[in-house]
Amino acid sequence: MLDLRVLRTDPDSVRTGLTRRREPLGSFEKALELDRRVRAAQSERDELRAGVNALSKQVGELHREGRGDEAAELQAESRRHGEHEKVLDSEVARIQQEIREILLRMPNLPAAECPDGADERDNVVLRVENFDPDAYGEHQRVPHWDTGAELGILDVERATKMSGAMFVLYRGLGARLGRALVQTALDRNGDAFEELRPPTLVRTDTMVSTGHLPKFVDDAYHLERDDLWAIPTAEVPLTSLARDEILDEAVLPMRLMAHTSCFRREAGSAGRDTRGLLRVHEFDKVELLAYTTPEQAGAMHDEILARAEGLIADLGLAYRILDLCTGDLGNSSARTWDIEVYAPGADQWLEVSSVSWFTDYQARRANVRYRPAAGKGTNVVHTLNGSALAVPRVWAAIVETHRQPDGSIRLPDVIHPYCGGLTRIPGPDG
RNA sequence: GGAGAGGUGGCCGAGUCAGGUUGAAGGCGCUUCCCUGCUAAGGAAGUAACUGCCGUAAGGUGGUUCGUGGGUUCAAAUCCCACCCUCUCCGCCA
């Protein structure tokens, strides 16, 4: 959520930011106009209230002194003030609610460094690593859904029987591979990030805090009976860890990570990338998240990217880093770097991590503040996060990239400690 | 699912049964100062958030906030109604 005071005091920079996002300005202009009206009404209401408060105090004193007649006169006068005040107050409350509804649906402003652009075609490729399109052999050009069925490590048919399309079932060493990836990701970031295992079902407020509600309600699974939401990412519960809290500056930056299941309805993507693991309704992910001061945010953004990228590199995958343009930026983000891995069998670049800086957009919704060590008052923190590892697409890229001519899958060195002594998934002939 | 208790400031915790200088006692924590060779102990003062208006600013001034929303009243932490949440016991259960 944007700061209403910024809208008020620096409307041009808000217009510029929204325009860079290709966002229409209608709701912004409306919020500005409502803000003007509500402040006028508020001033008038507050004056009336001040009058009522003063009169009430006098009434109290008169009663104590036994001067009931004089008190009755003041009471009548106060009642008249009160009636007018009530009308203004409901007006104020109504407009404030309207402003909030608008602000909750307005996106964050892009960072100054964020490249301009209309859609994903304008994203800037910062670098491409470990990628040579001519270096892949025929044995690597097999999609993971074929290999997965051949080796019995991925059973899409059975998953569909259980849960429907776009759910998957890992079996045997396929399940083991996913677990090894999760543990690798957790352990290599445990040096600095506190491991949490939060709930995967959360309240509405928790979803609103990150920006997943109200605007993207169709993307989320909702358990109507209990009014709980299945989290689309651990970012959701982790961002609410400090909701409505005031942190000491000394505890910042606060680094958190969590492995959870993630649930996405993928409402707008029916029919796209539906093969195998490219797009699924439920998957496992290890998420890194940090609360920081505004000054610490830049370094933290770099750190989370470096950690996510380091693991992908160590897994021996080809990947590229994208600087998302203003038109492709997520609603809550001010700047996002995507890591995409290359899957040679599917011949596609797969997004495996979005490393995002949300400035104070989410923290204002979640009301997470900190007390500066010097100075007074409170400031809103910044939040940042990124996937350390999302299982399905990394699993797919490993199975395709590391497929050997004999049909076996070589397991990357970094996950060996979690593979029970195995260094490869045997091919179809054993 | 059944029964009960409870939600007050950064934290703990009075106040609610008799509505009125209660933004709210007391304590803890924190800040500054004094004392002190250092530490501990002790003494003094200060210490909520949000928000409107005025001010370049420091600050001043008004309003709101005792779970949430509504009601009664000149006046509500205190009375009434609804809802939400938390905890305890019982039941069930990995």
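This one's a predicted model, so the numbers in the text were calculated from it and none came from an experiment.

Our next topic: the packing of helix H7 (residues 173-189) against helix H12 (residues 391-401). Interaxial distance between H7 and H12 falls to 10 Å at its minimum, and their mutual angle equals 115°. The handedness of the crossing between H7 and H12 is right-handed. Along its contact with H7, which presents Gly-174, Leu-177, Gly-178, Leu-181 and Val-182, the element H12 presents Val-391, Val-394, Trp-395, Ile-398 and Val-399.

In this section: helix H10 (residues 297-314). With 18 residues, H10 should reach 26 Å at 1.5 Å per residue; the first-to-last C-alpha distance of 26 Å fits that figure. One or two positions beyond H10, positive phi appears at Gly-316, with a value near 75°.

In the vicinity of RNA strand B, 24 residues are found, and the nearest of them are Arg-8, Ser-78, Arg-79, Arg-203 and Thr-378. Between RNA strand B and Arg-8, the relevant distance is 2.3 Å, taken from a phosphate oxygen to a side-chain nitrogen or oxygen of the residue. Classifying every residue of the surface near RNA strand B gives two nonpolar, 10 polar and 12 charged.

A word on the pairing of strand S9 (residues 319-323). Here S9 lies mainly inside the structure; four of its five residues are buried. Where strand S1 (residues 124-129) and S9 come together, five bridges link them in antiparallel fashion. Bridge assignment links Glu-129 to a residue of S9, and that residue is Tyr-319.

The next subject is the state of the cysteines. Across all of its chains, the model carries zero disulfides by this definition. In this structure Cys-114 is a free cysteine whose sulfur lies 7.1 Å from that of Cys-325, the closest cysteine sulfur available. Overall, the relative accessible area of 2% leaves Cys-114 in the buried class.

With respect to the helices and strands, the residue Thr-147 is situated in helix H5 (residues 144-151). With residues near it in sequence (within four places) discarded, Thr-147 still touches Val-142, Val-399, Arg-403 and Ile-409.

Moving on to empty space enclosed by the protein. A water-sized probe, rolled over the atoms, reveals where empty space remains. Considering all chains together, one arrives at one cavity of 30 Å³ or more under this definition. Counted as a void, the largest cavity has a volume near 30 Å³. As for the largest cavity, its lining consists of Leu-173, Arg-176, Leu-177, Leu-411, Cys-419, Leu-422 and Ile-425. If one sorts the elements of the lining of the largest cavity by residue count, H7 sits on top with three residues.

Strand order in the open sheet made by the eight strands is S1-S9-S10-S11-S14-S8-S7-S2, with mixed pairing throughout. If you trace the sheet from one side to the other, it starts and ends with S1 and strand S2 (194-196), each paired once. Across the sheet, the mean angle from the axis of one strand to that of its neighbour is 25°, orientation sign disregarded. In this sheet, strand S14 (residues 382-390) lies alongside strand S8 (residues 282-292) in antiparallel orientation, the contact comprising eight bridges. Paired with Val-286 across the bridge in S14 is Leu-389. Here H7 sits on the sheet and contacts S2, strand S7 (254-263), S8 and S14; the angle it forms with S14, its principal contact strand, is near 140°. In this fold H10 packs onto S1, S7, S8, S9, strand S10 (335-343), strand S11 (348-357) and S14, with an angle of close to 0° to the strand it touches most, S14.

The rules behind the values
Per-chain numbering applies: the sequence of each chain, read as written, is numbered from 1 onward. Each chain gets a letter, beginning with A, and each ligand a number, beginning with 1, in the order they are written. In view of the model being predicted, local features appear only for residues whose pLDDT reaches at least 70, and side-chain atom pairs are presented and counted only at 80 or more, with totals across whole chains, interfaces and linings using the full set of residues. With hydrogens and water excluded, all non-hydrogen atoms of the structure serve as input to the side-chain values. Comment: axis = line fitted to C-alpha atoms, over the contacting stretch for helices; angle = value between 0 and 180 degrees taken between N-to-C directions. To qualify as a helix, a DSSP run of H or I must reach at least 4 residues; to qualify as a strand, a run of E must reach at least 2; elements of each kind are numbered from the N terminus. Crossing handedness follows the turn of the near helix against the far one: under a right angle anticlockwise gives a left-handed crossing, and clockwise gives a right-handed one. In this analysis, two residues are considered to be in contact whenever any of their non-hydrogen atoms come within 4.5 Å of each other. For a helix, the expected span equals 1.5 Å multiplied by the number of residues minus one. A single heavy atom is enough: if one lies within 4 Å of a molecule or strand, its residue is considered near that molecule or strand. N or O atoms closer than or at 3.5 Å make up a polar contact, with two conditions inside protein: a donor-capable atom paired with an acceptor-capable one, and, for residues adjacent in sequence, both atoms drawn from side chains. Under the grouping applied here, Gly and all other residues not named as nonpolar or charged are polar, the nonpolar ones being Ala, Val, Leu, Ile, Met, Phe, Trp, Tyr, Cys and Pro and the charged ones Asp, Glu, Lys and Arg. Any residue under 20% of the maximum accessible area for its type is buried, any over 50% is exposed, and the rest in between are partly exposed; the area is computed with a 1.4 Å probe on protein chains only. Strand pairing requires that DSSP identify at least two bridges connecting the strands. Disulfides are defined as cysteine sulfur pairs within 2.5 Å. Cavities and pockets were defined on a 1 Å grid built from protein atoms only: a cavity is a group of points that admits a 1.4 Å probe but offers it no way out, a pocket is an open group of points flanked by protein on both sides within 12 Å along at least five of seven lines, and a lining residue is one with an atom within 4 Å of any such point. Grid points are joined across faces, edges and corners, and a volume is the space filled by probe spheres set on the points.

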